[in-house]
Amino acid sequence: LHTTQPPIMPDRKLFTTIALSTIAAAALAAVLIKGRKKTSSTSSGKPSYKVFDDKATVAKELCAFVADEAKKSIESRGVFYLAVAGGSLLDSLSELANYKSEVDFSKVVLCFANHKCVDPNDPKKGNLAKAKAKFADAAGITKFIAPPMPKDGSDGTREANSYAGSLLAEGVPHKKVVGVSQGSHSPGFPVLDLVLLGLGADGHIGSNHPLGPAVAEAMKPVAGSPKQGEPSSITLTIETMNAARTVGVVVVGGAKGKKEAVKRALLRPAEQPRGTFPAQLLNSPIFFLDGEAAADL
């Protein structure tokens, strides 16, 4: 015996309400991401990214993000440990001074994700001097964990050990990392509140270069990074970057292989051998991109 039921007709009023609600939600989403072309939010342990229209918007949104992270850290812990790489990233922080009424920058401690083994006060080569000139002085940041004065001909090892000691001595909290053996007397890795990095076309972050000695270092918080024909550098190791509460990677422009590097940096699992493309070793970075840098996504 077969029976049939008359087709159920949709409630026209209900259908109209759902449609209008959908349109309203879409309109609200468009307002919320004004100036942003695309966002990706992924689960913990994987990268996420935010795409903005242009370089200027990236800088504006980055400064707002840093200010928000600083406020939260100062409210909960009384201090904000910010580590920055060099290069064009420093220019992107020039608008931090706009947040002086919201952030107590006297409680910000500026550290360095990497630094050439040069006089840190050298206005042309020293990231300390350049950070002061480009954003720190204007924002009112007065506390720094400065890189050490270099020794001629060093491969960076002495300077790296010195900087690791400075991070500990200046009160940066440290923690042990599961699966990493540093010895029973080691304080572990420094826990910075925010680490801001750039991205090289070859995937280097800080001075962790592909298959170089720094990217291979898994037990020290700071490593030397020699470079033929140039002064060596010191850099936070991958383990220290991953110990940070938040890591941001800022990439603007699509020239010199940057857009290809961005796409590759988002791939997981990381390519083998370890350190082939160092940016893939970051656990949960947030990428701040403009349209050109995100063109291949």
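Here's a quick rundown of the structure. (Residues numbered from 1 in each chain as written. Predicted model: local features only at pLDDT ≥ 70, side-chain atom pairs only at ≥ 80, totals over all residues. Heavy atoms only, no water.)

Section: the overall build of the protein chain
Alright, step 1. Along the protein chain, the regular secondary structure elements total seven helices and 13 strands.
Alright, step 2. Within the protein chain, buried positions represent 46% of all 297 residues.
Alright, step 3. Within the protein chain, contacts between residues separated by at least 24 positions form 69% of all contacts whose residues are at least 6 apart in sequence.
Alright, step 4. Approximately 15100 Å² of the protein chain is accessible, and the part contributed by carbon and sulfur atoms is 55%. (Helix = DSSP H or I, 4+ residues; strand = E, 2+ residues; numbered from the N terminus. Buried < 20%, exposed > 50% of the residue type's maximum accessible area, 1.4 Å probe, protein only. Contact = heavy atoms within 4.5 Å. Areas by Shrake-Rupley, 256 points an atom, 1.4 Å probe, with all protein chains shown as cover.)

A look at the pairing of strand β4 (residues 108-112)
Alright, step 1. With five of its five residues buried, β4 lies for the most part within the structure.
Alright, step 2. Alternating residues of β4 divide into V108, L110 and F112 and V109 and C111, and every residue in both groups is buried.
Alright, step 3. Note: strand β3 (residues 80-84) against β4, five bridges, orientation parallel. Bridge pairing in β4 links F80 to V108.
Alright, step 4. In terms of strand pairing, β4 meets strand β6 (residues 143-144) through two bridges, oriented parallel. Bridging from a neighbouring strand, L110 pairs with F144 of β6. (Pairing = 2+ DSSP bridges.)

Observations regarding the sheet that holds strand β5 (residues 114-116)
Alright, step 1. The three strands are arranged β5-β11-β10 in an open sheet whose pairing can be described as antiparallel. The sheet is open, and its two borders are formed by β5 and β10 (222-227), each paired with just one other strand. Taken pair by pair, the neighbouring strands of this sheet meet at an average axis angle of 20 degrees, ignoring direction.
Alright, step 2. Relative to strand β11 (residues 230-236), β5 is paired through three bridges, and the arrangement is antiparallel. Bridging across to β11, K116 finds its partner in S233.
Alright, step 3. Strand contacts of helix α4 (residues 157-169): β10 and β11, with the helix running at about 155 degrees to β10, the strand carrying the most contacts. (Axes fitted to C-alpha atoms, helices over the stretch in contact; angles between N-to-C directions.)

Structural notes on the packing of aromatic side chains
Alright, step 1. In this structure the tally under the stated criterion is one aromatic pair.
Alright, step 2. In this structure, K132 is placed above the aromatic ring of F144, and the distance from its NZ or CZ to the ring centre is 5.0 Å. (Phe/Tyr/Trp six-rings, centres within 6.5 Å; stacked < 30°, edge-to-face > 60°. Lys NZ or Arg CZ within 6 Å of the ring centre and 35° of its normal.)

Re the side chain of D193
Alright, step 1. Its place among the elements puts D193 in the loop between β8 (189-190) and β9 (194-197).
Alright, step 2. In this structure D193 comes out as buried when scored by relative accessible area, which is 4%.
Alright, step 3. Non-local contacts of D193, meaning those with residues more than four positions away in its chain, are made with S73, R77, V79, F80, Y81, R245 and T246.

Brief notes about the pattern of salt bridges
Think of it this way: side chains of opposite charge can pair up when their charged atoms draw near.
Alright, step 1. As enumerated under the stated definition, the model contains nine salt bridges in all.
Alright, step 2. Note that D193 is salt-bridged to R77, the shortest N-O span being 3.0 Å. In this pair, D193 sits in the loop between β8 and β9 while R77 sits in helix α2 (residues 55-77), placing the two residues 116 residues apart along the sequence.
Alright, step 3. One salt-bridge network, in which partners are shared between bridges, spans D68, E69 and K72. (Salt bridge = Lys/Arg side-chain N within 4 Å of Asp/Glu carboxyl O.)

Comments concerning unusual backbone geometry
If a residue is not glycine, its phi is most likely negative; likewise, a peptide bond is most likely trans.
Alright, step 1. Of note, the bond from R268 into P269 is cis; its omega dihedral lies within 30 degrees of zero at 0 degrees.
Alright, step 2. The topology assignment puts P269 in the loop between α7 (258-265) and β13 (286-290).
Alright, step 3. For the bond from Q272 to P273, the omega torsion is 0 degrees, close enough to zero to count as cis.
Alright, step 4. The residue P273 is located in the loop between α7 and β13 in this model.
Alright, step 5. Unusually for a residue other than glycine, L211 sits at a positive phi of about 60 degrees.
Alright, step 6. Along the chain, the position of L211 falls in the loop between β9 and α5 (213-216).
Alright, step 7. With a relative accessible area of 53%, L211 lands in the exposed category.
Alright, step 8. With a phi angle near 55 degrees, K256 is a residue other than glycine that sits in the positive phi range.

Comments concerning the environment of V195
Alright, step 1. Positionally, V195 belongs in strand β9.
Alright, step 2. Along the chain, V195 and V84 lie 111 residues apart, while their C-alpha atoms are 5.9 Å from each other.
Alright, step 3. In contact with V195, not counting residues within four places along its chain, are A83, A113, L236, A244, T246, V247 and G248.

Brief notes about the environment of K259
Alright, step 1. Within the secondary structure layout, K259 lies in helix α7.
Alright, step 2. Among residues more than four places away in sequence, those in contact with K259 are G254, E292, A293, A295 and D296.

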